[in-house]
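Architecture at a glance
Each chain, letter by letter, is given below.
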Amino acid sequence: MVKIRLSRIGRHFEPTYRIVVTDSRSARDGACIEQIGHYNPKLDFSTAVIDEEKAIDWLLKGAMPSDTIKALLVSKGIYAKYLETKQSLKAKKKAN
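Residues numbered from 1 in each chain as written. Predicted model: local features only at pLDDT ≥ 70, side-chain atom pairs only at ≥ 80, totals over all residues. Heavy atoms only, no water.

For the rest of this paragraph, the subject is the pattern of salt bridges. According to the stated counting rule, one finds five salt bridges in the structure shown. Close ionic contact of Lys54 with Glu34 constitutes a salt bridge, the shortest N to O distance being 3.2 Å. Taken together, the positions of Lys54 in helix H1 (residues 52–60) and Glu34 in strand E3 (residues 34–39) put the pair 20 residues apart, joining distant regions of the chain. For Lys54, a relative accessible area of 32% gives the class partly exposed. Glu34 sits in the partly exposed class, given a relative accessible area of 22%. Between Lys61 and Asp57 there is a salt bridge, and its shortest N-O distance comes to 3.3 Å. (Salt bridge = Lys/Arg side-chain N within 4 Å of Asp/Glu carboxyl O. Helix = DSSP H or I, 4+ residues; strand = E, 2+ residues; numbered from the N terminus. Buried < 20%, exposed > 50% of the residue type's maximum accessible area, 1.4 Å probe, protein only.)

Here Arg5 shows up in strand E1 (residues 2–11). Look at Arg5: it is buried, it has no salt bridge, and the nearest opposite charge is Asp23 at 7.4 Å. Reaching out from Arg5, the side chain makes a polar contact with the backbone oxygen of Ser26 at a distance of 2.7 Å. When residues no more than four places from it in sequence are discounted, the contact partners of Arg5 are Arg18, Ile19, Val20, Thr22, Asp23, Ser24, Ser26, Ala27, Arg28, Ser66 and Ile69. (Lys, Arg positive; Asp, Glu negative; His and termini not counted. Polar contact = N/O pair within 3.5 Å; in protein donor to acceptor, adjacent residues only side chain to side chain. Contact = heavy atoms within 4.5 Å.)

Look at H1 against helix H3 (residues 78–95): their axes get within 10 Å of each other, and the N-to-C directions meet at 50°. The pairing of H1 with H3 is recorded here as oblique in orientation. Crossing hand, H1 versus H3: right-handed. Touching Glu52, Ala55, Ile56, Leu59 and Leu60 of H1 are Ile78, Tyr79, Lys81, Tyr82, Thr85, Lys86 and Leu89, all from H3. For the contact of H1 with H3, the per-class residue count stands at eight nonpolar, one polar and three charged. (Axes fitted to C-alpha atoms, helices over the stretch in contact; angles between N-to-C directions. Parallel < 35°, antiparallel > 145°, perpendicular 65-115°, else oblique. Left-handed = near helix turned anticlockwise from the far one by under 90°. Nonpolar A, V, L, I, M, F, W, Y, C, P; charged D, E, K, R; others polar.)

To continue, consider the sheet that holds strand E5 (residues 64–65). Taken in spatial order, the five strands of this open sheet run E4-E3-E2-E1-E5, and their pairing is mixed. Each having just a single partner strand, strand E4 (49–50) and E5 make up the two edges of the open sheet. With ten bridges joining them, E1 and strand E2 (residues 14–23) adopt antiparallel strand pairing. Across the sheet, the residue bridging to Ser7 is Arg18, located in E2. Packing of H1 onto the sheet brings it into contact with E1, E2, E3, E4 and E5, and relative to E3 it is tilted by some 125°. (Pairing = 2+ DSSP bridges.)

Right, let's talk about the pairing of E3 for a bit. With five bridges joining them, E2 and E3 adopt antiparallel strand pairing. In the strand pairing of E3, Val20 is matched with Gln35. Two strands pair when backbone bridges link them, and E3 and E4 are joined in this way by two bridges, in the antiparallel orientation. By the bridge assignment for E4, His38 is matched with Val49.

Put into structure tokens, the structure is as follows:
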């Protein structure tokens, strides 16, 4: 299964995270399929940088976000756009 999750980087007691798409069986800081953003937990959620198009694309392909990533996506409004896109694709498929 493909997951969207955090990969830790940064110094001791100064963590920063990459937002990555990875196989669920790989290690937390192991090989990733694609990096789609970054996040500093010492700052607010609003400072997180996420590539919206890539995130929505991976979610549509079936990637499962971790709880923290889902909270980030909701706070940025990306998750709502994903749900709209998914619903419109479903309606198009139903119309054909």
